[in-house]
Amino acid sequence: MEGRTKKVSVLVFLFGIFVLLGVIIGGWLYSMYTTNVGFTNKATATALRCGDYSFAVESIAFDPSEKVVSFTITNLFGDRFDSIVVESGQTEHQINLTGLVQGGSETVSIPLELGPEVLIYPQGCRENNAKRFSIR
């Protein structure tokens, strides 16, 4: 009788450990799932919003004596955007446009410390819709 009681208590103990491990693993899997779904939803929304902008950057010029970059930006088609970011090296400038509508162009001139490359993108779309240029 004592051996049987010992076997039952060992089985109850092992079952408790199994349940505890199940709860821990289930919580970890749920946490991983919600984190990944949240990231995916945010990344997808940003990619879709930034994909609505189609623009061209033309006539890029750099005046080394005044350290000024100038270019013409044209909204080819899609949504209008009100501001762009010009980034080079450690320098970043936000430029407000007057609601660049489809087919509209605007010439921009800004003082800029030239880095290895110049990035031009609508605000908030650095990862999804940036134009990269090297000026030598």
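Please refer to the structure placed before this passage.
The rules behind the values
Residues numbered from 1 in each chain as written. Predicted model: local features only at pLDDT ≥ 70, side-chain atom pairs only at ≥ 80, totals over all residues. Heavy atoms only, no water. Patch = residues over 30% accessible without salt bridge, like charges linked within 9 Å, V, L, I, M, F, W, Y side chains within 5 Å. Areas by Shrake-Rupley, 256 points an atom, 1.4 Å probe, with all protein chains shown as cover. Salt bridge = Lys/Arg side-chain N within 4 Å of Asp/Glu carboxyl O. Helix = DSSP H or I, 4+ residues; strand = E, 2+ residues; numbered from the N terminus. Buried < 20%, exposed > 50% of the residue type's maximum accessible area, 1.4 Å probe, protein only. Polar contact = N/O pair within 3.5 Å; in protein donor to acceptor, adjacent residues only side chain to side chain.

Chemist: Account for a nonpolar patch on the surface, naming residues and giving values.
Modeler: On the surface, Val 10, Phe 13, Leu 14, Ile 17, Leu 21, Ile 25, Trp 28, Leu 29 and Met 32 cluster together into a nonpolar patch covering about 890 Å² of accessible area. Structurally, Leu 21 can be placed in helix α1 (residues 2–51). Residue classification places Leu 21 among the partly exposed residues on the basis of a relative accessible area of 47%.

Chemist: Report on the environment of Ser 9, specifying residues and quantitative values.
Modeler: Of note, Ser 9 is situated in helix α1. On the basis of relative accessible area, Ser 9 is assigned to the partly exposed category, the value being 42%. Only 2.8 Å separates the side chain of Ser 9 from the backbone oxygen of Lys 6, close enough to count as a polar contact.

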